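# Fold and contact review
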Amino acid sequence: MTQQILNYIEKLCNTPSPTGYTKRAEKYLIDEFTKMGYEPYQTHKGNVVVPINEGNSNGLLLSAHIDTLGLMVRSIKSNGRVRVTTLGGFPLSYAEQENVTIITREGKEFTGVLRINNPAVHGSSDPKEITRDDINMEVVIDEITNSFEETEKLGISAGDFIALDPRFRVDNGFVKSRHLDDKASAGLLMAIAKDIKENNIKINRPLYMTFTVYEEVGHGAASGHPKGITDMIAVDMGVVYDDLKTDETKVSICAKDSSGPYNFDLTNDLIEIAKTENIDYAIDIYPFYGSDASAAVVSANDFRHALIGAGVAASHGYERTHVNGLNGLYDLLKAYIQK
């Protein structure tokens, strides 16, 4: 099952879906779940909902998000290069020297690189000293263009989306890529759904999966849930940081994030299953974090809510997790939905 999880994660990571432009990832999910034998549907704003085991009460909702960090064209500069604005919260230094793809609203694509305005170390001290922000950084397009007019003539304009190259790879069990937040969890949920269908796994309550498309800007799971849900588990990334116990090989169970504490009883249930199943886990607090579950409960949804994920290092940058953490998360979720 590990390879199946990795296959789904790789495909998702290599499918551009900066928040606000997730159509390709939505279609991929719908096509794959349909092939499995499910009947996925979409909410008005684009979330993909998959009924796994339908029912009208005591339902469990597992969520992951398929939108990622990215950039948008803010303006075209007089030299023909592009000034950007960020999609989601990350320092621009995390994307410096990254290959990017500009996706216009007409569907054209142009490659380029995000870098500081004067990147030559032989020309100035800027590469060492300059502040990495939208004034001092730009996208240089892989086209011969030296003016506002020439770039505009290509079909590029303000509001076009810019996707970052994920650079997905697996080395010695470590999974490295941009956008493991949260495509690692989304791919893992796909693998669980496939396992349920192929092995006729019995589930004792209604179960739904939802894949949201605006989590990175805070309102992914604010609406559009199936009826009868009582419990929601956001399956997202676990934070790896100096004073936290989580690392890339563990399952992280979040007790509290910036939205406050998660449901005491539901969180305890997950902890007890982790203990029973001998899953390597840690309980942690994420001070700078908000999840789809927290977005759901602040939007008047009467759910018990919890947050779990495989440990992911370097969040919102070039991220890293490990197959041990992914497998532990898989085992925890599979055990929970069968209890």
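Please refer to the structure higher up on the page.
Keep in mind that this is a model prediction, so the values were computed, not measured.

## What to know about the pairing of strand β6 (residues 98-103)
Pairing of β6 with strand β7 (residues 109-116) involves 6 bridges; the strand directions are antiparallel. Bridged to asparagine 99 within β7 is valine 113. Two successive antiparallel strands, β6 and β7, enclose a turn made up of 5 residues, where glycine 107 displays a positive phi of approximately 95°. Relative to strand β9 (residues 161-164), β6 runs antiparallel, the two being bridged by 4 bridges. If you follow valine 100 over to β9, its bridge partner there is leucine 164.

## Structural notes on the nonpolar core
One finds Phe33, Met209, Phe211 and Ile233 to be the most contacted residues of the largest nonpolar core, which totals 59 residues. Element by element, the count of residues in this core is highest for helix α5 (residues 180-199), at 10 residues. Those residues in contact with phenylalanine 211, other than ones at most four positions away along the chain, are Leu29, Phe33, Asn47, Val48, Val50, Ala64, Ile66, Ala186 and Leu189. In terms of nonpolar packing, the next biggest core, distinct from the first, is built from 19 residues, Leu71, Val100, Ile102 and Ile141 among them.

## Quick look at helix α8 (residues 323-338)
Relative to the 22 Å expected for 16 residues at 1.5 Å per residue, α8 spans 23 Å between its end C-alpha atoms, a close match to the ideal helical length. Val323, Gly325, Leu326, Gly328, Leu329, Tyr330, Leu332, Leu333, Ala335, Tyr336 and Ile337 are the residues of α8 that are buried.

## Focus on helix α2 (residues 23-36)
The periodicity of an α-helix, 3.6 residues per turn, causes residues three or four places apart in sequence to face the same way. Along its 14 residues, α2 runs 20 Å from first to last C-alpha, staying within 8% of the 20 Å computed at 1.5 Å per residue. Where α2 is concerned, the buried positions are Ala25, Glu26, Tyr28, Leu29, Glu32, Phe33 and Met36. Looking down the long axis of α2, one finds its buried residues gathered within 160° of arc, a one-sided arrangement. Among the exposed residues of α2, those oriented more than 90 degrees off its buried face are Lys23, Lys27 and Lys35. Looking at the buried residues of α2, the elements they touch are α1 (2-13), β1 (41-42), β2 (48-53), α5 and β12 (207-212).

## Description of the pairing of strand β4 (residues 70-76)
Within β4, 5 of the 7 residues are buried, which leaves the element mostly enclosed by the surrounding structure. As paired strands, β4 and strand β5 (residues 82-87) are joined by 6 bridges and run antiparallel to one another. Bridge pairing links methionine 72 to threonine 85 in β5. Between β4 and β5, which pair antiparallel and follow one another directly, the connecting turn spans 5 residues, one of which, glycine 80, has a positive phi of 90°.

## Let's talk about the environment of phenylalanine 148
Locating phenylalanine 148 in the fold gives a position in helix α4 (residues 148-154). Given a relative accessible area of 31%, phenylalanine 148 falls into the partly exposed group. In this structure, the C-alpha to C-alpha distance between phenylalanine 148 and glutamate 106, residues 42 residues apart in sequence, is 19 Å. The residues touching phenylalanine 148, leaving out its near neighbours within four places in the chain, are Ile76, Lys77, Ser78 and Gly80.

## Some words on the sheet that holds strand β19 (residues 319-322)
Spatially, β10-β11-β19 is the arrangement adopted by the 3 strands of the open sheet, whose pairing is antiparallel. Both edges of this open sheet fall to β10 (169-171) and β19, since each of them pairs with a single strand only. Shown here is a sheet whose adjacent strand axes are inclined to one another by a mean of 25°, direction ignored. Strand direction decides the pairing type here: strand β11 (residues 174-177) and β19, joined by 4 bridges, are antiparallel. Paired with serine 177 across the strands is glutamate 319, a residue of β19.

## Overview of the packing of α2 against α5
Viewed as axis vectors pointing N to C, α2 and α5 meet at an angle of 15°, and their least axial separation amounts to 10 Å. Between α2 and α5, the crossing angle belongs to the class labelled roughly parallel. Relative to α5, the crossing made by α2 is right-handed. Contact residues: Tyr28, Leu29, Glu32, Phe33 and Met36 in α2; Met190, Ala193, Lys194 and Lys197 in α5. Grouping the amino acids of the contact of α2 with α5 by side-chain chemistry returns 6 nonpolar, no polar and 3 charged.

## Some points on the pattern of salt bridges
The final tally for this structure, using the stated rule, is 19 salt bridges. Here arginine 74 ties to aspartate 134 by a salt bridge, and the two come within 3.3 Å at their closest N and O atoms. Of the two residues, arginine 74 is situated in strand β4 and aspartate 134 in the loop between α3 (126-129) and β8 (137-141); the sequence distance between them amounts to 60 residues. Residue classification places arginine 74 among the partly exposed positions, given a relative accessible area of 44%. Residues arginine 205 and aspartate 231 are paired through a salt bridge, measuring 3.0 Å at the closest nitrogen-oxygen approach. On the criterion of sequence distance, the pair formed by arginine 205 in the loop between α5 and β12 and aspartate 231 in strand β13 (residues 229-235) is long-range, its members being 26 residues apart.

Here is what the cut-offs are and how they apply
- Every chain is numbered on its own, with residues counted from 1 as its sequence reads.
- In keeping with the model being predicted, local features are shown solely for residues with a pLDDT of at least 70 and side-chain atom pairs are shown and tallied solely at 80 or more, while totals for entire chains, interfaces and linings include all residues.
- Hydrogens and water molecules were not included; the side-chain quantities draw on all heavy atoms of the structure.
- By the convention used here, strands pair only if DSSP detects at least 2 bridges between them.
- Here a helix means four or more residues in a row that DSSP labels H or I, a strand means two or more in a row labelled E, and each is numbered from the N terminus.
- Remark: nonpolar core denotes a set of buried residues (Ala, Val, Leu, Ile, Met, Phe, Trp, Tyr, Cys) joined through side-chain atoms within 4.5 Å.
- Whether a residue is buried, partly exposed or exposed follows from its accessible area with a 1.4 Å probe, protein chains only, as a fraction of its type maximum: under 20%, in between, or over 50%, in that order.
- Whether two residues touch is decided by their heavy atoms; if any such pair falls within 4.5 Å, the residues are in contact.
- In a helix, the anticipated span is given by 1.5 Å times the number of residues less one.
- Note that the arc is computed from the directions linking the helix axis to the C-beta atoms.
- Every angle, taken between N-to-C directions, lies between 0 and 180 degrees, and every axis is a line fitted to C-alpha atoms, over only the stretch in contact when it is a helix.
- Each angle gets one of four labels, with under 35 degrees taken as roughly parallel, over 145 as roughly antiparallel, 65 to 115 as roughly perpendicular, and the rest as oblique.
- Crossings are assigned a handedness: left-handed for a near helix turned anticlockwise from the far helix by less than a right angle, right-handed for a clockwise turn.
- Under the scheme applied here, ten amino acids are nonpolar (Ala, Val, Leu, Ile, Met, Phe, Trp, Tyr, Cys and Pro), four are charged (Asp, Glu, Lys and Arg), and all others, including Gly, are polar.
- Within this document, salt bridges are pairs made up of a side-chain nitrogen of Lys or Arg and a carboxyl oxygen of Asp or Glu, the two lying within 4 Å of each other.

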